[in-house]
Amino acid sequence: MLGRVRARWRIGALAAIVLGAFAAAGCGGPGGSASTTAATTSKATASAAPTCGKGPVTMKGYFETGFPITKALTSEFTKQYPNVKWDIREDQFAVITQNAPRVLADDPPDLMRLPQVSELVKDGLLKNLDAYAKAFGWDKWPASQLQQMRLGPGGRPRGEGSLYAMGLNFSMTGVFYNKKLAAKIGMTSPPTTLAELDDAMAKAKRAGILPIQQFNGGATGGLAFPLQDLMASYGSPAPINDWIFQKDGASIDTPTNVKATQHLQQWIKAGYFAKDVNAVEYAKMMSRFIAGQGLFMFNGDWESGNLDKKMPGKAGFFLMPPADADGKQAAMSAPLTFGIAAKAPHADCAAFFLNWVATNPKARDIAVQVGGSHPMGPADAHMPPVKEGSVTASTLEAGSKIGEDNGAMDFIANATGAIYAKSWTPQLQKLVAGQQSPDALLKSVQSDYENQVKS
Amino acid sequence: MARALLDDVIDVYEARSEPRTEALPPTTARSPARPAGLRTSFWVGWLFVAPALLFYGLFVLRPLLYTFWYSLYRWDGIGPSTWVGLQNYSKVFTDPDLLKTIVHAFELIAFFSAIPVLLGLALASTIRQIATSRLALAARTVVFLPQVIPLVAAGIAWSWMLSSTGVVNQVLSHIGLDGITRAWLGDFSTALPAVGVIGAWVLLGLCTLLLLAGISKIDPALYEAARLDGAGPFREFVHITMPSLRQEIGVCVTVTVIAALASFDIVYISSQGGPGNATMVPGLEIYYQAFSERQVGVASALAVVLMVLVLACVLPIQWLTRDRDR
């Protein structure tokens, strides 16, 4: 009896201590204060562009696995500037996305592959690159190249304000097609309107060819690619960008977007996607397309080099055609984003490297030949020769067409840190399974978006 | 964070399932004649426990308290946090997406607990009857093998087998069941059961082995007596095997229920919660909330709720299967 009373007293005391500890901690919750943001502007002045100096420097990099371009660029840089060595850690993009805040805060790399940056800027984890941009003359490049990496104070809105990241090159998305299968259905040139694209898909279906090879399994809803292309086909890219950039009052639930989602649903209902598309991962889509299963694939030019190698001469690329014959074309186009940690020890050298990547002829060759995408930098800068008729040639050409039409969009999956995994992916999987309507899909994504932007 | 909590729970219950010593008669060491000796041994005892206690506190109790502390804030893991009291808990109980993950966890119990325990009982008593043959050894090894294979490898292998062109569908087509072939992990109605099958396969070996160990402790004389009284294999099973295995069954159910409620790795590897959240479970949701949505507060609140839930499920099981004779 006495024992039980004593035990009860002990539990009471423990509870009191725990609560007391929380009450004491209550005045300062977990996490730092917001004041770190102020200290992130760079020291560089407009008069003297920073360099890596003459002494030995070891640059700490945190890059994405499976992108040989970073390795090629850093090795070439060391060849030209032997005092600079690299200490590189690599991870998959999903891992980088989850680690980014903690790594930037606790173990700041000099150069890091970045996911969506607005939340990182909000927490003051990235260096403001405005002074570097001025010193190196980045502000004289075509403005659209840097637009996606500009952010307002506190991380919102995106698309204007200070520069917080840089690209190693910028990629372009559109439709890849299998030339052999295209010839079988009598498609001799890429479709120029949405109706022609529909027609080609219908013919393929009748001929027993899978019209679209796409991924939509697991946590990666790849139907977002054709969906956004359809959105740009029916409407203008500007309101889509406003939504991605978190401008006040922006909505994804617009009449033209509803039409685009309905069109995607028609493709699903017509059986244009593989029956098991909800279980197809990105890698499986690639191997199936390369194996000749599927006429079209909605994807980006980071695969151009790969396709030129694996199915030489057999793959083609075209930009998503507009709904009307005289309509403008648009494409998802985003820089391969890299940033400098706010507390990076060798920030100047990292900025010098980023400038070198965009301006050095050797580096620009690497951006195209290894990276498969258009290099950053001035519009009239050196361009490496590419093989006539290759996929790389057509994606680079598409890049200049998008520049003319001012049709570059960021990816709808990049609007917030969680919108892809938690909203687009499950919603698109439900659309495939016939458990969601186009209208309700957009409403649901919009409501998730508003919750996430608010927080 | 969640793992630490659950490991703690597992530890507690593994400790509980061992024979209790509290019913032993009081020792005579507490004689008033040697108070000094008592004091010394008291401190020596604590000294022996201290290293383990230190690590337990550092890696189990401290994270547990931190999790509870975080659950009272809105926090992105880096920046400043705001005190929100119990708001994160009310979100856990009102957000249909979060509530659904808990429902899924309970659906998984059918696969993670019921199938391995029932099938394990059948297997164990079958193996007992052929205990002396080589076949028994082979059967034991084969059944236990899934426990040895890393879960990640098992998850990947199963996702291949369950894919639209995988072994499962090939076999179904061969026996004329083309109509039901599908991408099992990509279909809304079959994804969760498919994940459950993988879990059942993994846990069956553990249950079988535990139950076999229990069976081998049963006095063979009991079976002999029963047979002399004219009992068949079924009656033997019901009247001798089952009652004698009460404690082992308790351990099996406890461990597998915890595995079902706290599942993470199998789901993460095979379906990542998809399609359309059809296989989203609390463990995965906690991870997504903390590292993808960066809602550390909500993630912590869900982790605390999950811990309480596991305790609420496991305590009655422990009480029911307790050996009352001792």
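Residues numbered from 1 in each chain as written. Chains lettered and ligands numbered in written order. Predicted model: local features only at pLDDT ≥ 70, side-chain atom pairs only at ≥ 80, totals over all residues.

Before we go on, may I ask you to explain the overall build of chain B in this structure?
The helix and strand inventory of chain B stands at 14 helices and 2 strands. The long-range share in chain B, meaning contacts at least 24 apart out of those at least 6 apart in sequence, stands at 75%. (Helix = DSSP H or I, 4+ residues; strand = E, 2+ residues; numbered from the N terminus. Contact = placed C-beta atoms within 7 Å.)

How do you make sense of the domain arrangement of chain A when you look at a structure like this?
A common measure of how large an interface is: the accessible area buried when the components associate. All names here are of chain A. The assigned domain composition of chain A is domain 1 (48-170 + 335-393) and domain 2 (172-333 + 403-454). Taking only C-alpha atoms into account, the centre of domain 1 sits 28 Å from that of domain 2. Facing the 16 residues of domain 1 at the interface are 19 residues of domain 2. The set of elements that each furnish at least two residues to the side of domain 1 that touches domain 2 consists of helix H4 (118-122) and helix H16 (391-405). Here the residues of the side of domain 1 that touches domain 2 sort into 3 nonpolar, 10 polar and 3 charged. (Domains from an automatic or database assignment. Nonpolar A, V, L, I, M, F, W, Y, C, P; charged D, E, K, R; others polar.)

What am I meant to see in the interface of chain B and chain A here?
Facing the 31 residues of chain B at the interface are 33 residues of chain A. Per-element tally for the side of chain B that touches chain A: the top contributor is helix H2 (residues 35-70) of chain B, with 3 residues. By residue class, the composition of the side of chain B that touches chain A is 14 nonpolar, 14 polar and 3 charged.

Is there a simple way to think about the pairing of strand S2 (residues 84-91) of chain A in this case?
Side chains on a regular strand alternate between the two faces of the sheet. All names here are of chain A. For strand S1 (residues 57-64) and S2, the ladder comprises 8 bridges, and the chain directions are parallel. Bridge assignment links Met59 to a residue of S2, and that residue is Trp86. In terms of handedness, the path from S1 via helix H2 (residues 68-80) over to S2 forms a crossover that is right-handed. (Pairing = 2+ DSSP bridges. Right-handed = clockwise from strand over helix to strand, strands pointing away.)

Just to check I follow, could you spell out the nonpolar core for this structure?
Looking at soluble globular proteins, one finds that nonpolar side chains tend to be buried together. Among the nonpolar cores identified, the biggest contains 203 residues, and Leu126, Tyr164, Ala331 and Ala350 of chain A together with Cys252 and Leu302 of chain B are the most heavily contacted of them. Looking at which domains feed residues into this core, each of domain 1 (48-170 + 335-393) and domain 2 (172-333 + 403-454) of chain A supplies at least three. (Core = buried A, V, L, I, M, F, W, Y, C linked by C-beta atoms within 7 Å. Buried ≥ 20, exposed ≤ 12 C-beta atoms within 10 Å, placed from the backbone.)

Hey, could you run me through the confidence of the model for chain A in this one?
Residues shown with low pLDDT carry predicted positions that ought not to be read at fine detail. All names here are of chain A. On average, chain A scores 87 in pLDDT, and the residues at 70 or more come to 90%. Least confident of the elements in chain A is helix H1 (residues 2-26), whose mean pLDDT is 49; most confident is helix H11 (residues 255-269), at 97. Ignoring residues within four places in sequence, the model shows residues 1-7, a span with pLDDT below 50, making 0 contacts including any to other chains. Here residues 34-46 scores under 50 on pLDDT; set against residues more than four positions off or in separate chains, the count is 25 contacts. (pLDDT = per-residue confidence, 0-100.)

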